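Tertiary structure, described
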Amino acid sequence: MKLLCLDIGNTSITICDYKNEKLGEITRVASDENFINQLTKYNLGSFDYIILCSVVPNLTKLLINYCKNHSINIYEINYKNSHLNLHVDNPSEVGNDRICNAIAAKKLNFNPSIIIDFGTATTFDVINKDGAYIGGVICPGINLSLQTLHKAAARLPRVAVAKPDKVIGTTTVSAMTSGIYHGYIGLIKNIVELITLELKYKTKIILTGGLADLFSKNLGINNIIKKNLTIEGLYLAYKNAKLKKND
């Protein structure tokens, strides 16, 4: 079976083809209405299914309508069809990307785990000993924080996310770089510690998203980097749904 998986986020869209259960090439495009044009090179009609995970409703609608108009099969992963135990007050509020991350972590035998996803938001998702999703934490994303600093303060420039040589910055740029980097190191460590105290047992720490590599070595916490966790979970969610249907 030939599948095309799409993870539509607020900043970018991750695209990956699966053929014979093997992960193909991963590409990323900007999250805007022009992304449909980017998909034409994939010859969408040649796929058995388009598998969709999205947190952007208008782009979700755009893709679903496109597939409907071109007789292309599409399957959207959500809380209703994920077959994931969601032990939260309102399962409908859990982002589809977070659901896919949890499914992948469970399948890879990482539970209990805390999944830290460096996206538009920095999210912490908690999977308990039984493999159930029990909630998490949502923080402003790193690039979003930098963008807000730049927009809100007239004299603060736009800077890139990087590990600074020193904590004490001697220029505006180096001070901002240090503040963001070490600030997020502290944020991550503190939240992981608080979650662990609340759970009363240790977990595996999984990092995913574009900035996972940058923070992994300096957290002072053993962690596992899984850059393609969401895409893997997207495929696994579809596979699980298909197996359940055939039972």
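Residues numbered from 1 in each chain as written. Predicted model: local features only at pLDDT ≥ 70, side-chain atom pairs only at ≥ 80, totals over all residues. Heavy atoms only, no water.

**Observations regarding the overall build of the protein**
Regarding its fold elements, the protein presents 7 helices and 10 strands. Radius of gyration (C-alpha) of the protein: 19 Å, near the 18 Å computed for a compact globule of 247 residues. With respect to the principal axes defined by its C-alpha atoms, the protein has extents near 60 × 45 × 30 Å. A total of 247 residues make up the protein; the buried ones form 45% of that total. (Helix = DSSP H or I, 4+ residues; strand = E, 2+ residues; numbered from the N terminus. Rg over C-alpha atoms; globule rule 2.2 N^0.38 Å. Buried < 20%, exposed > 50% of the residue type's maximum accessible area, 1.4 Å probe, protein only.)

**Let's talk about the sheet that holds strand 5 (residues 74-76)**
Strand pairing in a sheet relies on backbone hydrogen bonds. The paired strands run either parallel or antiparallel. Spatially, the 5 strands line up as an open sheet ordered 3-2-1-4-5, and their pairing is mixed. Here the strands that pair on one side only, and so sit at the sheet edges, are strand 3 (22-30) and strand 5. Taking the axes of each pair of neighbouring strands and ignoring which way they run, one obtains an average angle of 20° across the sheet. Bridge count between strand 2 (residues 12-19) and strand 3: 7 bridges; the pairing is antiparallel. Within strand 3, the residue paired with Cys16 across the bridge is Ile26. Taken strand by strand, helix 2 (residues 57-69) contacts strand 1 (2-8), strand 2, strand 4 (49-54) and strand 5, and its axis lies near 170° from that of strand 4. (Pairing = 2+ DSSP bridges. Axes fitted to C-alpha atoms, helices over the stretch in contact; angles between N-to-C directions. Contact = heavy atoms within 4.5 Å.)

**Some points on the pairing of strand 4**
Put simply, side chains in a regular strand alternate between the two faces of the sheet. Most of strand 4 is tucked away: 5 of the 6 residues are buried. In this sheet, strand 5 lies alongside strand 4 in parallel orientation, the contact comprising 3 bridges. Across the sheet, Ile50 pairs through a bridge with Ile74, a residue of strand 5.

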